Amino acid sequence: MKFAGLSTMALLRQIFIYCWISGTFLATSDFCGDNSNGPTYTDVAKCVLENICYEFAMVPQTWAQARDTCENRGGKLLRVLDCKVKQFLLNLSVEVGATTGAWWVSKPLMGLYMNTSENAASSNGGPPKPPFCTYVTMDPFQLMSTSNCNMALGHLCTLDFEIQVSSPGNTRKRREANQDPNINNLLGSMKSAMQDPTALIEKAINILSVLETELVQISPQGQLQYLQNLYNSIQFNGPEKYELIVNCTGGMLMYSLEQCNNSSQPPQNYGDLLDVANMIYEEISQQMLVNGTDESVLQLVTGTLYGSRRTPQQMDGMLIGSTESGPYFQLPSFSAMQSQLPDGLVTVQLMNYNMNPLSQNSNESITGSVCSLSLKSKTSDINLNNLTDYIEMFLPRDGVVDPTPVNMSLKEGFAVITSFDITDTNSTVLVSATPDQNVSLQLRLSQAHQSNLTSTQESTVLNGQEDYRWLITPEMLEGSTGTWHVSITLNNSNSSQPVTISLSLLTFKCMFWDTVQNEWSIFGCKVGPKSMPSMTHCLCNHNTIYGSSFFVMPNHVDLSQTAALFATVQQNYVVVVVLSAFFFLYLIIVMWAWYADRRALRTRKMTLLEDNHPCASYNYLLNIQTGNRSGAGTSAKVMIILEGTEGVSKPHHLSDPDKLVFEKGGVDMFLLSCPFPLGELQSVKLWHDNSGGHPDWYLNKVTVQDLQTRNVWHFLCSTWLNSTGDSTCARIFNPAKMNEIASFGNIFHTRTSTGFRDEHIWISVVDPPRHSPFTRVQRVSCCMSLLLCTMAINIMFWNIPKDGDSPVIFKIGSYSLTWQQIMVAVESALLMFPINILIVTIFRSIKPRILDAKDEPKTGDRPSAVSIHTILKDTQDILDLLSRSPKNQTVPMQQKPESSADLFSALNQLHDLIHIIQGEGESSPHWAHCSRFVFCSLCHLALLLEKAGEKSFLNPEELQLARNTVSPMLKMAEMVFVSHTVQSPAPVPAKEKKQGCKLPWWFVFVGWTLLLGISGVSTFFTLIYGFQYGKESSIQWVVTLTLSLFQSIFIIQPLKVVGLAIFFALILRPVAVEDNEEVELLLQEQRRRCEVFCGRHIS
């Protein structure tokens, strides 16, 4: 016995279909002629419907023989079965005496009569798994499948009528139905008589009479107008006319379902008609209650509609229905329902259906009553959910007789064991064990045959109070199928006489129709203890099919039919073509991205300036951003000078021998080394030599970072560096103040420019940031993964049924936002974004895999023979660098040194500087780095003098004097360097939190694994849903998907970038400093240069 918690609307749509099928309408038909030219074909009953000849072949044959016999006559086994064909066959079978037996039909059998998507085999993919053949019976009308295709049955053959009537002696022509030009006049006259109830009902009956007796047709719009006229007339009619209105409504619905053919009436028109019909029934029931009737009962062809109108307090324990013949429902106490009931009157309606209206789509075999319970206030439906007390339902099982009990003798110390098989774990078993004496019985449930204390899973004691009945619920069975055993023993009995037990077993199940899953469900319902063989007692904590409106389920897809769905690819290739096009486009773009990444690999690295002095150890990181305007890049040679409060750097040439620099939109990073700290930067001077084909340069921004103190200076340039003629151009820029750096305009411009190049996942593929570890190939692949996820989620939730009871959050004009729409958006985001954001984050956060250099420089190598000019030039460079700080009190050589006298003059300045450094009692970063530079420079000079030949100087005494002068200076410089290094403050360490956000290089494999996995799953479900929807629906979905992608790429993503930029500019106002692990490699390279330059290891 099954209970269906069904909405009235859904059930009415199904019940009228059944009502039409069960009607007595006879289709207009003609009999086929015999084809005398064909093979002998006896025992055949023939008739024509719509140019198709249907033949009942009564000679028993196997399915294959029946197919061949029909095809030899130029026909096919019955392939299409809709409402009209079904009724035609039922009538024909009665006329020709073919109501008994079974008839082979084609596989698959398709049409509007039933949903064949689950049972049909693929038309080109071979037989379904498992293989089956299809046959039909006429009384009762059932469509069945079997794997035994060798049974001998009759068959239904269909042939073209024109071929049949062309045979000799067959000259009868088929009659056709014509469109009645006066049908609109009849509908118009019906509408004009709206305020004359008697005339309107007469005209409504007249229209039905014309449709039944004459070959006329009425359009779908006319059918809808007919029912609307009846609905509008209810307010002008009295109760005496209600029965006629109900009958006319049913008559038009039956006629409309006679026309259930795709070519004449689309399926959605049925829904419109049934909606109006339901409004008619509800309004009539409501009017009957308003007119003073406490209870209303409408006897319909589909069943019985019970109605009652009560206050919420009067609903306490209310009974509705027929307590004599059933069914009837009893509501729980008012306190259990009070929080979910309104203040005003409530209309309670119970619909008892004569037959199961959902049998064609049912996942269960329904053998009992099907009912629906609805509660409605003045304005809306009332859905009772999660009640503390149960709604009690008594549903009759017509035609079921009491089972014959089995009498068994039971003695003290012995047990009676009965067994039953469980195939459905949702079933409830009622064990009835009635003794002939007043004794207590001990019952134990077990899957073991010998029920003892260890194997018993459930037990109970029965006496007269429980009427010796025990309900074994699904919870007791614990989801286990198979054979179960119930052991019955006497409980503390003193009787010496054997007890006769009358034992019987019954199986029940209470269910409701879940429209979300489109199947029967037991959620919230269970079998009650008052169940009898002829009446099922159900207990449910809700009155509707809605479990909760919080979670919206996507469209259902049956994964067990995967092979059958994929076999329909030749008929439904839309989704396959779309996916193939996307994958083809992806392969093309990813090949271009791989090539672009290879080219960009050269420009991604930082540059250690070639003109850095090898002994300089105070380092600055330059970040120079070229604008993104047309022609912003330059071909000229660019120079820079840093000026601080404690010194000025020498002019440095910003170039890289391995890559082009200062390209349009480029970000170039250089490591600039000085002998000492420059202090607080005051300005930077930039100029170029106006060389090359396009020397003009648009400089956007310069950032200088002190790698020792971690101080950062921002220079907001945004200007062109150009000149006229052959003269060079120069610009001096001052560091920006904090309010300029954190201004809305600066941060907004920076965030939007970098956001579109990095955070806009689609646009960033074209021009990603130079130093980002997130490559173009990875970005293209993430776009593809996001696209496939979007397709899968879009097709899962595409055209889901609208929940009419979903609350409206807000409404603007004709647009309204419901809770269902919000939940679909939230669920889509939860399915799509977490995994894709994780993949993107992994690729963004991976450390580059940096291999250590294998060829280490040898510090012990000695340079080749040098001349005095080399020694003089290197000495001049040392003094020139030291003289750029006033603290050093050194003077650069005004003229080019040419003799040993100039060398000794320079050495005297170095000697004086060493004494100055030595005299500084308290060390500072300046003296620590300056002493290091002097020491390394003297090491280099000592190395050069050692290698210099006697011919390098005018006389050997000058060479020896130079060596003797440098040697003690070198020892003194080493002492000073060590002293100041120990005393100098430690450099500011890098922030640990930035290092903690990086992932090891091998995480790239994790990212690719997740990306391929989510792409594969998304592709699979997109194909499955596409195959299930069919070709036409898939085309409509592709159009919807195109609009969704356009919205994502050109609206949502740009708005996200701009929104984040505004958020950072208004609220966070950060001053971002780019950090990169390549800096440490450049510093190591600078130290290696120094060790080679001075010929020894410097710690």
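Conventions we followed
Residues numbered from 1 in each chain as written. Predicted model: local features only at pLDDT ≥ 70, side-chain atom pairs only at ≥ 80, totals over all residues. Heavy atoms only, no water. Helix = DSSP H or I, 4+ residues; strand = E, 2+ residues; numbered from the N terminus. Buried < 20%, exposed > 50% of the residue type's maximum accessible area, 1.4 Å probe, protein only. Contact = heavy atoms within 4.5 Å. Areas by Shrake-Rupley, 256 points an atom, 1.4 Å probe, with all protein chains shown as cover. Axes fitted to C-alpha atoms, helices over the stretch in contact; angles between N-to-C directions. Parallel < 35°, antiparallel > 145°, perpendicular 65-115°, else oblique. Left-handed = near helix turned anticlockwise from the far one by under 90°. Nonpolar A, V, L, I, M, F, W, Y, C, P; charged D, E, K, R; others polar. Pairing = 2+ DSSP bridges. 1 Å grid on protein atoms, 1.4 Å probe; cavity = no way out; pocket = protein on both sides within 12 Å on 5 of 7 lines; lining within 4 Å. Points joined across faces, edges and corners; volume = space filled by probe spheres on them. pLDDT = per-residue confidence, 0-100. Disulfide = S-S within 2.5 Å. Patch = residues over 30% accessible without salt bridge, like charges linked within 9 Å, V, L, I, M, F, W, Y side chains within 5 Å. Salt bridge = Lys/Arg side-chain N within 4 Å of Asp/Glu carboxyl O.

**Q** Explanation requested: the overall build of the protein chain in the structure shown.
**A** Along the protein chain, the regular secondary structure elements total 25 helices and 38 strands. Counting all 1099 residues of the protein chain, 48% fall into the buried class. Considering only intrachain contacts with a sequence separation of at least 6, the fraction spanning at least 24 residues in the protein chain is 76%. Carbon and sulfur atoms form 54% of the exposed surface of the protein chain, whose accessible area is close to 53700 Å².

**Q** So what exactly am I meant to see when it comes to the packing of helix α16 (residues 776–796) against helix α23 (residues 1003–1029) here?
**A** For any two helices packed against each other, the geometry is given by the interaxial angle and the distance between the axes. Packing of α16 against α23 brings their axes to within 8 Å, and their N-to-C directions diverge by 30°. Considering their axes alone, α16 and α23 lie roughly parallel with respect to each other. Both α16 and α23 take part in a crossing whose hand is left-handed. Within the contact between the two elements, α16 uses Val 777, Gln 778, Ser 781, Cys 782, Ser 785, Leu 788, Cys 789, Met 791, Ala 792, Ile 795 and Met 796 and α23 uses Val 1004, Trp 1008, Leu 1011, Ile 1014, Ser 1015, Ser 1018, Thr 1019, Phe 1021, Thr 1022, Tyr 1025, Gly 1026 and Tyr 1029. Here the residues of the contact of α16 with α23 sort into 15 nonpolar, eight polar and no charged.

**Q** Explain the pairing of strand β17 (residues 416–422) to me, please; I cannot follow it from the model alone.
**A** The side chains of a regular strand alternate, first on one face of the sheet and then on the other. On β17, burial follows the alternation: Val 416, Thr 418, Phe 420 and Ile 422 on one face are buried, whereas Ile 417, Ser 419 and Asp 421 on the facing-out side are not. For β17 and strand β22 (residues 482–490), the ladder comprises seven bridges, and the chain directions are antiparallel. Its bridge partner being in β22, Ile 422 is matched across the sheet by Gly 482.

**Q** It is not clear to me how unusual backbone geometry should be interpreted in this structure. Could you clarify?
**A** What is expected of a backbone is that most residues other than glycine have negative phi and most peptide bonds are trans. Positive phi is not limited to glycine here, since Tyr 468 has a value of about 50°. Its place among the elements puts Tyr 468 in the loop between β20 (458–462) and β21 (469–472). Phi is positive for Asn 690, which is not a glycine, with a value near 60°. In this structure, Asn 690 sits in the loop between β33 (681–688) and β34 (697–706).

**Q** Explanation requested: the sheet that holds strand β23 (residues 499–508) in the structure shown.
**A** Note: strands within a sheet are paired through backbone hydrogen bonds, in either parallel or antiparallel orientation. Reading across from one edge, β16-β23-β18-β21 is the order of the four strands in this open sheet, with antiparallel pairing throughout. Strand pairing shows two members of the sheet lacking a second neighbour, β16 (406–410) and β21, which therefore form its edges. Taken over all neighbouring pairs, the strand axes of this sheet differ in orientation by 25° on average, direction set aside. Two elements, strand β18 (residues 428–435) and β21, share four bridges in a ladder whose sense is antiparallel. Counted as the bridge partner of Ser 432 is Arg 469 from β21.

**Q** Can you walk me through the pairing of strand β9 (residues 303–310) in this structure?
**A** Counting buried positions along β9 gives seven out of eight residues, so the element sits mostly inside the fold. With eight bridges joining them, β9 and strand β12 (residues 346–353) adopt antiparallel strand pairing. Pairing of Thr 304 across the sheet is with Asn 352, part of β12.

**Q** Would you mind going over empty space enclosed by the protein with me for this structure?
**A** Throughout the structure, instances matching the rule amount to three cavities of 30 Å³ or more. Each pocket or cavity is described by its volume, and for the largest cavity that value is around 70 Å³. If you go around the largest cavity, the residues you meet are His 613, Ala 616, Val 648, Ser 649, Lys 650, His 652, Ser 673, Cys 674, Pro 675, Phe 676, Leu 881 and Arg 884. Residue composition of the lining of the largest cavity, grouped by class: six nonpolar, four polar and two charged.

**Q** Is there a simple way to explain the sheet that holds strand β27 (residues 535–540) in this structure?
**A** Here we have five strands laid out as an open sheet, ordered β10-β11-β15-β27-β26, and antiparallel in their pairing. Only two strands of the sheet have a single partner each, and these edge strands are β10 (319–321) and β26 (525–527). Mean inter-strand twist for the sheet, computed between neighbouring axes without regard to direction, equals 20°. Pairing geometry for β10 and strand β11 (residues 328–330), over three bridges, is antiparallel.

**Q** What should I look at first to understand the confidence of the model for the protein chain in this one?
**A** This prediction gives the protein chain a mean pLDDT of 75; 72% of its residues lie at or above 70. Low pLDDT, under 50, characterises residues 163–179; the stretch is placed with 33 contacts to residues that sit more than four places away or in other chains. Segment residues 990–996: pLDDT under 50, and five contacts once partners within four positions in sequence are set aside and those in other chains are kept.

**Q** What should I look at first to understand the state of the cysteines in this one?
**A** By definition, a disulfide links two cysteine residues through a covalent bond between their sulfur atoms. Inspection of the entire model under this criterion finds four disulfides. Between the sulfur of Cys 70 and that of Cys 157 lies a disulfide, 1.9 Å long from S to S. In this structure, the disulfide formed by Cys 70 and Cys 157 twists by about 80° around the S-S bond and is classed as right-handed. Within this pair, whereas Cys 70 is found in helix α2 (residues 63–72), its partner Cys 157 is found in strand β7 (residues 153–160), the two being separated by 87 residues in sequence.

**Q** Help me understand a nonpolar patch on the surface in this model?
**A** On the surface, Phe 584, Leu 585, Ile 588, Ile 589, Met 591 and Trp 592 cluster together into a nonpolar patch covering about 600 Å² of accessible area. Structurally, Ile 589 can be placed in helix α13 (residues 574–604).

**Q** Looking at this structure, I do not really get the packing of helix α18 (residues 868–882) against helix α20 (residues 925–947). What am I missing?
**A** Closest axis-to-axis distance for the α18/α20 pair is 10 Å, and the angle between their directions is 175°. The orientation of α18 relative to α20 falls into the category roughly antiparallel. Two secondary-structure elements touch here, α18 through Ile 871, Asp 874, Thr 875, Ile 878, Leu 881 and Leu 882 and α20 through Cys 930, Phe 933, Val 934, Ser 937, His 940, Leu 941, Leu 944 and Leu 945. Along the lines of polarity and charge, the residues of the contact of α18 with α20 split into ten nonpolar, three polar and one charged.

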